[in-house]
Structures are given as structure tokens and as C-alpha cells.
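Understanding the architecture of this molecule
Below, each chain spelled out in residue letters.
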Amino acid sequence: MKFSGQMIVVSDMEKSKQFYAEYLGEKIDLDLGDYVVFQNSFSMMTRPQWQNLTKEGGLPAGGAHEFELYYDEDEIEAFAQKIRASGNVQVFNSLEEAPWGQRTFRCLDPDGYVVEVGETMQAVVCRFLLGGMTLEQAAEKTSMPLPFVRQVQKAL
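The paragraphs below set out a description of the structure included in this document. Please read all numbers here as calculations on a predicted model, not as lab measurements. (Residues numbered from 1 in each chain as written. Predicted model: local features only at pLDDT ≥ 70, side-chain atom pairs only at ≥ 80, totals over all residues. Heavy atoms only, no water.)

1. Considering the nonpolar core
Judged by nonpolar contacts, the single largest core of 26 residues is most densely connected at Y20, L24 and M44. Of all the secondary-structure elements, those providing two or more residues to this core are β1 (7–10), α1 (13–22), β3 (35–38), β4 (43–46), β5 (68–73), α3 (76–86), β7 (103–108) and β8 (114–119). A total of 4 residues in this core trace back to one element, the largest contributor, which is α3. With residues near it in sequence (within four places) discarded, L24 still touches F19, Y71, F79, V115 and V117. (Core = buried A, V, L, I, M, F, W, Y, C linked by side-chain atoms within 4.5 Å. Buried < 20%, exposed > 50% of the residue type's maximum accessible area, 1.4 Å probe, protein only. Helix = DSSP H or I, 4+ residues; strand = E, 2+ residues; numbered from the N terminus. Contact = heavy atoms within 4.5 Å.)

This is the structure:
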């Protein structure tokens, strides 16, 4: 058995397609109207279609906030600024730095699903090395293996 992706249930397919394409760069692989598959194996289905298929009367309250889609982004500050400047997207958590140095930003999609965009670990290590940390310090701070940190340094 192999995990093949995630599906979320959405209330407005067009608004959701626009959000994921415009802000997160998703490309549609298959569009069946009530069901859309993106190239990254992530999919969406309209709430009426989902309810029809599952014979479910509705989604549990608050469930959207208990599920998160995660994206990596090298230019996290530019992404966070783009979302804030749009005025169309609700920010869930502002740009924050985790103890291991990775910066993340969370917003809500049109149906209230949490979308987390995190700085790639390559970008984190690069930022630390360019900021004056030694290879060993960057590895310790990020919990990344020293060979990974060396590889990032070579790419600088």
C-alpha cells in the first residue's frame, strides 16, 4: 500500500481552484468539475458531490482547522508579503520562526483549511551559514545532518 495524496472538501470549486493556482502555484492535472486533481496528487471535491458519494449529511464542525496542507517555499518572506498584500486571504499565523530556525506562515483557504507554507530547510541552512554560523552550528540548530549542511554550503 502507498499513500497517494490528500483530498479536501470545498464549498466553491472555482474560488478554491483560483486560490491554489494563484497563491500556491498548483497546476491542475484533471478537472472533472466537481472533482479536481492537482499535479502534486492533492485533490478537491465539492461538498455536494462528497455528500452524495459518502451519503454524509454534512461535515463535522471545526474539522477544517484540524487538517493542514503543507508547502515548502524558498522565498518565505516574499510569499507572506504577497498573501498579506492581497487582502483576500485570511492569515492564520503570521511569519514565525520555529526553535530549529525554520520560518512558517499559515493562512486559510476559501473553506477554512489551514495552509502552512514553510521555508525549505535548504533556505534555513543557507540563511544561517550566510549569517555567520559554522557548519556545525547550523547543523546543531536545524537538526539537519552535517552532510546535508555541507551540501547546502557547496551550493552557495
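Text resumes after the structure shown.
2. Observations regarding the packing of helix α5 (residues 135–142) against helix α6 (residues 146–155)
Close contact between α5 and α6 brings their axes to 9 Å; oriented N to C, the two are set at 120°. The orientation of α5 relative to α6 falls into the category oblique. Seen along the crossing, α5 lies across α6 with a hand that is right-handed. Taking contact as the criterion, the partners of L135, E136, A138 and A139 in α5 are, on α6, L146, V149, R150 and Q153. Class assignment of the residues belonging to the contact of α5 with α6 gives a composition of 5 nonpolar, 1 polar and 2 charged. (Axes fitted to C-alpha atoms, helices over the stretch in contact; angles between N-to-C directions. Parallel < 35°, antiparallel > 145°, perpendicular 65-115°, else oblique. Left-handed = near helix turned anticlockwise from the far one by under 90°. Nonpolar A, V, L, I, M, F, W, Y, C, P; charged D, E, K, R; others polar.)

3. Examining the pattern of salt bridges
Tallied over the full model, the rule gives 7 salt bridges. A salt bridge links R106 to E116; its shortest N-O distance comes to 2.6 Å. Of this pair, R106 sits in strand β7 while E116 sits in strand β8; the two residues are 10 residues apart in sequence, bridging distant segments of the chain. The burial state of R106 is the same as that of E116; both residues are buried. A single network of salt bridges, built from pairs that share partners, joins E77, E97, R103, E119 and R127. (Salt bridge = Lys/Arg side-chain N within 4 Å of Asp/Glu carboxyl O.)

4. Some points on the environment of Q151
By secondary structure assignment, the location of Q151 is in helix α6. We classify Q151 as exposed; its relative accessible area is 55%. C-alpha of Q151 to C-alpha of Q122: the two residues are 29 residues apart in sequence and 9.1 Å apart in space.

5. So, the packing of aromatic side chains
Under the criterion given, the structure shown has 6 aromatic pairs. Consider the rings of F19 and Y20, whose centres lie 4.9 Å apart with planes at 85°: the pair is edge-to-face. Take F19: its relative accessible area is 5%, and that puts it in the buried class. On the basis of relative accessible area, Y20 is assigned to the buried category, the value being 0%. Here the aromatic rings of Y20 and F38 are separated by 6.1 Å at their centres, their planes lie at 50°, and the arrangement is tilted. Highlighted residues: Y20 in helix α1 and F38 in strand β3, separated in sequence by 18 residues. Residue Y20 shares its accessibility class with F38, and that shared class is buried. (Phe/Tyr/Trp six-rings, centres within 6.5 Å; stacked < 30°, edge-to-face > 60°.)

6. As for the pairing of β8
Of all the 6 residues making up β8, 6 are buried; the element is thus mostly covered by neighbouring parts of the structure. Covered by surrounding structure in β8 are V114, E116 and G118 together with V115, V117 and E119, the residues of both alternating faces. The pairing of β7 with β8 spans 5 bridges and is classified as antiparallel. In the sheet register, L108 faces β8, and the bridge partner there is V114. Hairpin connection from β7 to β8: 5 residues lie between these consecutive antiparallel strands, with G112 at a positive phi of about 90°. (Pairing = 2+ DSSP bridges.)

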